[in-house]
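Take a look at the letters that make up each chain.
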Amino acid sequence: MLPLHMRRQEFHPDPELAVAREQPGLQRVPTPYGPQAWLVTRYDDVRTVLRNAELFSYASGINLPPMSEEQAKRLRAGALLMMDPPDHTRLRRMLTPEFTMRRIRRLEPRVREIVADHLDAMERTGAPTDLVSQFATPIPSLVICELLGVPYGDRNDFQALSATLLDFNRPPEERGKAQMELSAYMAGLVGRARAEPGEDLLGMLVREHGDDLTTDELVGIGGLLLVAGHETTANMIGLGTLALLRHPEQLALFREDPAKVDGVVEELLRWLTIVHQGATKVAVADTEIAGVPIAKGDIVVVSLPAANRDPALTEDPDRFDIERPDLAHVAFGYGAHHCIGAPLARMEMRVAFSALFERFPGLREAGEPEFRSFNVVYGLSAFPVAW
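Residues numbered from 1 in each chain as written. Predicted model: local features only at pLDDT ≥ 70, side-chain atom pairs only at ≥ 80, totals over all residues. Heavy atoms only, no water.

As recorded by an unreviewed UniProt entry, the protein carries the name Cytochrome P450 and is attributed to Streptosporangium vulgare.

Below, the structure is given as C-alpha cells:
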C-alpha cells in the first residue's frame, strides 16, 4: 500500500492527510525505502523544516536506491537535493545565472516555437490523440535537451531511465541500476562538453567553472536537471489540462481573459502539487516539531500537497480558483532548496496552456485518463483528448 503522503484521489491528496494535518502533533509513516519517518503536514511546520539546514539535513543519502558506498558518494557529488550548505550553496551559485528571468525570457520564443510545432503535429494527425505522449511530455523534454545540450534523439532512452528511477513500483535494485545507467550516460555528455564546450548549460559550466567542478559534480547537476526538468513540467501540463477541463467555469474565465494565465499556473501548482514531498531529511540534532520531540537521526518527510491545502495558507483551500490572490505556496519547495528551475517551468506552462486552448477551443476528454500514483512525481500516464 502507498505511504499516506503519496496517496491521491485524482486531483486531491488522501483525506487522511487532512486529518493528520488537523490533529495535534505529528504522525509516523512508513517510507518507500523502509524506515519510518515523521510526517510533517502543516504549512508553517513544513516551511520550518525546509528552511532549517542546521537541524534537518538532506545529505544522508536516504533517498538513494541500494548501491555501494563508492557509487553513492559519486552520485551525491553534484546532486543538489542531497546536499546541504555550504556545498549546496557553492553549486547553486554557479547555476543561478542560467535561470534568471532575463535568461528565461530569451528562451521563450524558442519554447513558443516548440509548442506550436507540437500543436501542428496534433492537428495533422487528428483526434483522438494522447495529450501526454504527443504534447505534455515532448515539449519540456525538448526544452531541457536544448538547454543542457542533450541530443533529442536520446530522449526515449533517458525518459525510460527516468521513469524507472522515479517509479516506486520497481524493485530497488532496478531503480539503482537505472540511476547508474543515467549517470553513465550523463558522464559521456560531460566528457564531450569538457573536450568541446558548446553554448548550452553544460558547456557554460565547463567554460566558466570547469576548474572548480569535478566531473562527478557536473554529472550530478546534469542528471538532476535532465530528470527534474522534464518530469515535473510534463506532468503539470497533462494533469493541469485535465483539471481545467473538469472545471469548465474556471476554464471559461481563462478563455475570456487569457491574461489570467499566471493565475492559472499558480493555482494549478498549488492545487495539484504533483511532487508529494520535499527530499527526505534527517534530524542532525535533538529538536522538536509541533511540540513533538524529534531525536537526532530521525527521518522527517514533509508533505507539500498537505501544506498547500492548509487553511492557514488560504481560505477554502480545496477549491480550485484561478482568481485566488498570489500565495507563497510550496509546490517548488522552500528555502535554500527552492527549485532553481521554477522560472523555466512557469514559463513553459504559461506558453503551453495558452497555446493549447487557443488552438483547440473545443478540447475535451476522449477517454479515461490514466493516473500514476506510486511515483516521485504524480501525474497522468495517458490522457486521450479530442477537439
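Draft legend 1. Spatial organisation of the pattern of salt bridges. In total, this model carries 23 salt bridges according to the counting rule given. Between Glu146 and Arg110 there is a salt bridge, with the nearest N and O atoms lying 2.6 Å from each other. Residue Glu146 is located in helix 7 (residues 138-148), and its partner Arg110 is located in helix 5 (residues 101-125); the two are separated by 36 residues in the primary sequence. On the basis of relative accessibility, which here comes to 36%, the residue Glu146 falls in the partly exposed class. (Salt bridge = Lys/Arg side-chain N within 4 Å of Asp/Glu carboxyl O. Helix = DSSP H or I, 4+ residues; strand = E, 2+ residues; numbered from the N terminus. Buried < 20%, exposed > 50% of the residue type's maximum accessible area, 1.4 Å probe, protein only.)

Draft legend 2. Local environment of the sheet that holds strand 3 (residues 27-30). With mixed pairing, 5 strands are arranged side by side in an open sheet as 3-4-10-7-5. The open sheet is flanked by strand 3 and strand 5 (56-57), the only strands paired with a single partner. Across 2 bridges, strand 5 lies against strand 7 (residues 281-283) in antiparallel orientation. Bridging from a neighbouring strand, Ser57 pairs with Val282 of strand 7. Packed onto the sheet, helix 2 (residues 43-51) meets strand 4 (36-40), strand 5, strand 7 and strand 10 (299-302) and runs at close to 125 degrees relative to strand 10. (Pairing = 2+ DSSP bridges. Contact = heavy atoms within 4.5 Å. Axes fitted to C-alpha atoms, helices over the stretch in contact; angles between N-to-C directions.)

Draft legend 3. How the structure looks around unusual backbone geometry. Put simply, Pro85 and Pro86 share a cis peptide bond, and its omega is 5 degrees. Tracing the backbone shows Pro86 in the loop between helix 3 (69-76) and helix 4 (87-95). The linkage connecting Ala127 with the following residue, Pro128, adopts the cis geometry, with an omega of -5 degrees. Even without glycine at this site, Glu10 takes up a positive phi of about 55 degrees. Its location among the elements puts Glu10 in the loop between strand 1 (8-9) and strand 2 (12-13). On the accessibility criterion, Glu10 (38% relative accessible area) is partly exposed. Phi is positive for Thr273, which is not a glycine, with a value near 40 degrees.

Draft legend 4. Geometry of the sheet that holds strand 14 (residues 384-386). Strand order in the open sheet formed by 3 strands is 6-14-11, with antiparallel pairing between adjacent strands. Two strands lie at the open edges of the sheet, namely strand 6 (129-130) and strand 11 (364-365), each paired on one side alone. Bridge count between strand 6 and strand 14: 2 bridges; the pairing is antiparallel. Following the sheet pairing, Asp130 is matched in strand 14 by Pro384.

Draft legend 5. Structural context of the packing of helix 5 against helix 15 (residues 342-359). Orientation of helix 5 relative to helix 15, taken along the N-to-C sense of each, is 35 degrees, at an axis distance of 9 Å. Here helix 5 and helix 15 pass one another in a crossing that is right-handed. On helix 15, the residues touching Met101, Ile104, Leu107, Glu108, Val111, Arg112, Val115, Ala116, Leu119, Asp120 and Glu123 of helix 5 are Pro343, Leu344, Met347, Glu348, Arg350, Val351, Ala352, Ala355, Leu356 and Arg359. Here the contact of helix 5 with helix 15 is built from residues that sort into 14 nonpolar, no polar and 7 charged. (Left-handed = near helix turned anticlockwise from the far one by under 90°. Nonpolar A, V, L, I, M, F, W, Y, C, P; charged D, E, K, R; others polar.)

Draft legend 6. Looking closely at helix 10 (residues 201-209). Buried residues dominate helix 10, accounting for 7 of its 9 residues. Looking at helix 10, one finds that the buried residues are Leu201, Leu202, Gly203, Met204, Leu205, Val206 and His209. Tucked inside the fold, the buried residues of helix 10 contact helix 4, helix 7, helix 9 (172-195) and helix 11 (215-245). The opening residue of helix 10 is Asp200, an N-cap whose side-chain oxygen sits 3.2 Å from the backbone nitrogen of Leu202. (Polar contact = N/O pair within 3.5 Å; in protein donor to acceptor, adjacent residues only side chain to side chain.)

Draft legend 7. Looking closely at the environment of Val40. Note that Val40 resides in strand 4. When the C-alpha atoms of Val40 and Gly297 are compared, they prove to be 16 Å apart, with 257 residues separating the residues in sequence. If near-sequence neighbours (up to four positions away) are discounted, Val40 is found in contact with Leu26, Asp45, Val46, Val49, Ile289, Val300, Val301, Val302 and Ser303.

Draft legend 8. Spatial organisation of the packing of aromatic side chains. Per the stated rule, a full pass over the model turns up 6 aromatic pairs. An angle of 35 degrees between the planes, with centres 5.4 Å apart, marks the rings of Phe11 and Trp271 as tilted. A residue pair is termed long-range when its members are at least 10 positions apart, and Phe11 in the loop between strand 1 and strand 2 and Trp271 in helix 13 (residues 261-272) qualify at 260 residues. Across this residue pair, the class does not change: Phe11 and Trp271 are buried. Where Phe360 meets Trp387, the ring centres are 4.2 Å apart and the plane angle is 25 degrees; that geometry is what we call stacked. One end of the pair, Phe360, is in the loop between helix 15 and strand 11; the other, Trp387, is in the segment after strand 14, with 27 residues separating them in the sequence. On the accessibility criterion, Trp387 (28% relative accessible area) is partly exposed. Here the aromatic cluster, defined as three or more aromatic residues joined through ring pairs, consists of Phe11, Trp271, Phe320, Phe371 and Tyr378. (Phe/Tyr/Trp six-rings, centres within 6.5 Å; stacked < 30°, edge-to-face > 60°.)

Draft legend 9. Summary view of the side chain of Asp45. Looking at the element boundaries, Asp45 is found in helix 2. Taking relative accessible area as the criterion, Asp45 reaches 16% and is therefore assigned buried. One polar contact links Asp45 to Arg42, side chain to side chain, over a distance of 3.1 Å.

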